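Read off the chains here:
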Amino acid sequence: SGEEIIVVPGDGIGTEVVPAARRMLEHVGEFSFVEADAGDAVKAETGEALPEETYDLVAAADATLFGAAGETAADVILPLREAVDSFVNVRPARAYPGVDAVRPETDVVFLRENTEGVYSGHEDRLSDDLSTLTRVITTSASERLAEFACEFVADRDADGFHVVHKANVMRETDGRFREAVLRVAEERGVDADEVLMDAFATHVCLDPTRFDTVVCPNLAGDVLSDLAAGLVGGLGLLPSANIGPERGLFEPVHGTAPDIAGEGVANPAAAILSAAMLLEFLGHEEDGADVRAAVEDVLSDGPRTPDLGGDAGTDEVTDAVLDRL
Ligand code: NAI
Ligand code: MG
């Protein structure tokens, strides 16, 4: 019955918020679910943070919903992103009415390159004094990201996007990135403005309304999207999507939250919003929009979890979202 969704709760509050998101998916559609293990707990049991069965399931499925892994996060999430051949990490940072935010007018989506840059794993220790890192930028990955960005802004009826880079210093690597992205935008008739990544950090804090969609190399996208998370009131609200040509992996931006894990009070909003992105990826666009609207209503009217100043638990908030649907 319906599309198959792989569900990987992981550790800590992943095991609380992913079931909440699954309840939402069961409520709106006819999906079949396969649960799989990854993270610290399965490593303690078997020695492997990412069992081969899990990797294979994710690599073959249309869509995966992931929670979070603890200390083993990098051993789990990097291979899983690769399993879906994810070339872009989509991270919307949006402030919600009724939620305390540094910049309540923030509504920015980061499109982060997800395969190369300084995260491509080419680090070397050359001597007791010297370590080096090779930054990898290819025209093909930059173009693929830019093509995605052009379609993304067209879907949102937006005018264009900003491309963030530091090509004035990293002339070769970011020069290549900048040139490829701007060329694709021009070919597609999409407006692309450029902004240096350090200046962007200042501008987005002072006036986030200057930005709508932001296209970034890997590290810049990681850091700047976390900065934007700070502007909208914290990690419990931010969803993300790792998109590949055929498959997707959807995960809240937050981790396992060991300080509140096991208490049943984790905010399920980020996981539910990640599952809304999953619905859209599978072509259920109306359902995705309905879920987002329901979450927005609940954030605004309550009940709310303690991270947002409320006293409700994960289940109560999830029930409220399902009621709205
Ligand atoms: P974290 O995101 O787990 O927690 C940071 C703070 O935000 C904590 O105070 C936590 O209680 C709060 N928080 C996060 N999500 C929340 C939610 N849904 N509801 C309410 N409060 C929430 O980040 P931290 O503490 O840096 O990392 C904890 C563990 O998570 C580490 O072992 C780290 O490796 C792992 N991690 C895993 C990630 C992944 O699997 N993708 C991503 C980030 C961290
Ligand atoms: Mg990060």
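Residues numbered from 1 in each chain as written. Chains lettered and ligands numbered in written order. Predicted model: local features only at pLDDT ≥ 70, side-chain atom pairs only at ≥ 80, totals over all residues. Heavy atoms only, no water.

(A) Structural view of the overall build of the protein. Counting its secondary structure elements, the protein contains 11 helices and 12 strands. By the compact-globule yardstick of 20 Å for 325 residues, the protein fits well, its C-alpha radius of gyration being 19 Å. If you line up the protein on its principal axes, its C-alpha atoms span 50 × 45 × 40 Å. A burial count over the protein gives 50% of its 325 residues as buried. Counted over contacts in the protein with a minimum sequence separation of 6, partners at least 24 positions apart contribute 74%. For the protein, the exposed surface amounts to about 14400 Å²; the carbon and sulfur share of it is 45%. (Helix = DSSP H or I, 4+ residues; strand = E, 2+ residues; numbered from the N terminus. Rg over C-alpha atoms; globule rule 2.2 N^0.38 Å. Buried < 20%, exposed > 50% of the residue type's maximum accessible area, 1.4 Å probe, protein only. Contact = heavy atoms within 4.5 Å. Areas by Shrake-Rupley, 256 points an atom, 1.4 Å probe, with all protein chains shown as cover.)

(B) The arrangement of helix H6 (residues 173-188) in detail. With 16 residues, H6 should reach 22 Å at 1.5 Å per residue; the first-to-last C-alpha distance of 23 Å fits that figure. Every buried residue belonging to H6 is among Thr 173, Asp 174, Gly 175, Phe 177, Ala 180, Val 181, Leu 182, Val 184 and Ala 185, and all of these are buried. Taken together, the buried residues of H6 touch helix H5 (139-155), strand E8 (160-165), strand E9 (191-196), helix H7 (197-206) and strand E10 (213-216). Phi turns positive one or two residues past the end of H6, at Gly 189, with a value near 70°. (Expected span 1.5 Å × (residues − 1).)

(C) Inspection of the nonpolar core at higher detail. Counting 62 residues, the largest nonpolar core has Leu 25, Val 90, Leu 111 and Phe 161 as the members making the most contacts within it. A total of 9 residues in this core trace back to one element, the largest contributor, which is helix H9 (residues 269-281). Those residues in contact with Val 90, other than ones at most four positions away along the chain, are Val 109, Phe 110, Leu 111, Phe 148, Phe 152, Pro 239, Ser 240, Ala 241, Ile 243 and Met 277. (Core = buried A, V, L, I, M, F, W, Y, C linked by side-chain atoms within 4.5 Å.)

(D) Representation of the packing of helix H1 (residues 14-28) against H9. Running from N to C, H1 and H9 point in directions that differ by 40°, and their axes come no closer than 8 Å. When the axes of H1 and H9 are compared, the pair comes out oblique. In this structure, the crossing between H1 and H9 has a hand that is right-handed. Together, Val 17, Ala 20, Ala 21, Met 24, Leu 25 and Val 28 of H1 and Ala 271, Ile 272, Ala 275, Ala 276, Leu 278 and Leu 279 of H9 make up the contact between the two elements. Among the residues making up the contact of H1 with H9, the classes are represented as 12 nonpolar, no polar and no charged. (Axes fitted to C-alpha atoms, helices over the stretch in contact; angles between N-to-C directions. Parallel < 35°, antiparallel > 145°, perpendicular 65-115°, else oblique. Left-handed = near helix turned anticlockwise from the far one by under 90°. Nonpolar A, V, L, I, M, F, W, Y, C, P; charged D, E, K, R; others polar.)

(E) Geometry of the pattern of salt bridges. One pass over the structure, following the stated rule, counts 21 salt bridges. A salt bridge links Glu 246 to Arg 247; its shortest N-O distance comes to 3.7 Å. For Glu 246, a relative accessible area of 57% puts it in the exposed group. A single network of salt bridges, built from pairs that share partners, joins Arg 22, Glu 26 and Glu 35. (Salt bridge = Lys/Arg side-chain N within 4 Å of Asp/Glu carboxyl O.)

(F) Spotlight on the site of ligand 1. Around ligand 1, a shell composed of 21 residues is seen, among which Ala 69, Gly 255, Ala 257, Asp 259 and Asn 267 lie nearest. Within the side chain of Asp 259, a nitrogen or oxygen atom sits 2.7 Å from an oxygen atom of ligand 1. Isolated, ligand 1 exposes 800 Å² of accessible area, and the fraction of that covered by the protein chains is 67%. Counted by class, the shell around ligand 1 contains 11 nonpolar, 6 polar and 4 charged residues. (Near = heavy atom within 4 Å. Polar contact = N/O pair within 3.5 Å; in protein donor to acceptor, adjacent residues only side chain to side chain.)

(G) Just helix H10 (residues 285-301), in detail. Under the 1.5 Å per step criterion, the end-to-end length of H10 is 24 Å for 17 residues, consistent within 8% with the ideal 24 Å. Turning to H10, its buried residues are Gly 288, Val 291, Ala 294, Val 295, Val 298 and Leu 299. Seen end-on, H10 carries its buried residues on one side only, within an arc spanning 135°. Across from the buried face of H10, at angles greater than 90 degrees, the exposed residues are Glu 285, Glu 286 and Asp 301. For H10, the elements touching its buried residues are H1, H9 and helix H11 (314-324). Following H10 by one or two positions, Gly 302 has its phi on the positive side, about 85°. (Arc of directions from axis to C-beta.)

(H) A look at the pairing of E9. In this structure, E8 lies alongside E9, joined through 6 bridges in parallel fashion. Directly across from Phe 161, in E9, lies its bridge partner Ala 192. (Pairing = 2+ DSSP bridges.)

(I) Representation of the UniProt feature "domain: Isopropylmalate dehydrogenase-like" (unreviewed entry) in the protein within the structure. Mapped onto this numbering, the UniProt entry gives "domain: Isopropylmalate dehydrogenase-like" (unreviewed entry) at residues 4-321. Span residues 4-321 is 43% helix and 20% strand, its end C-alpha atoms 23 Å apart. (UniProt positions renumbered as here; feature names shortened; annotations may be inferred.)

(J) Region of interest: unusual backbone geometry. The omega torsion of the bond from Gly 302 to Pro 303 falls at 0°, within 30 degrees of zero and hence cis. Within the secondary structure, Pro 303 is located in the loop between H10 and H11. For Asp 85, which is not a glycine, the phi torsion comes out positive at approximately 55°. Looking at where Asp 85 falls in the secondary structure, it is placed in the loop between helix H4 (73-83) and strand E4 (88-94). A relative accessible area of 38% places Asp 85 in the partly exposed class.

(K) Geometry of the sheet that holds E10. Strands sit in the order E2-E1-E3-E12-E11-E4-E5-E10-E8-E9 across an open sheet of 10 strands; the sheet is mixed. Strands at the two margins of the open sheet, each flanked by one partner only, are strand E2 (32-35) and E9. Averaged over neighbouring strand pairs, the angle between their axes works out to 25° when direction is ignored. Where H5 meets the sheet, its contacts fall on E4, strand E5 (107-113), E8, E10 and strand E11 (239-243), and the angle it forms with E5 comes to roughly 155°.

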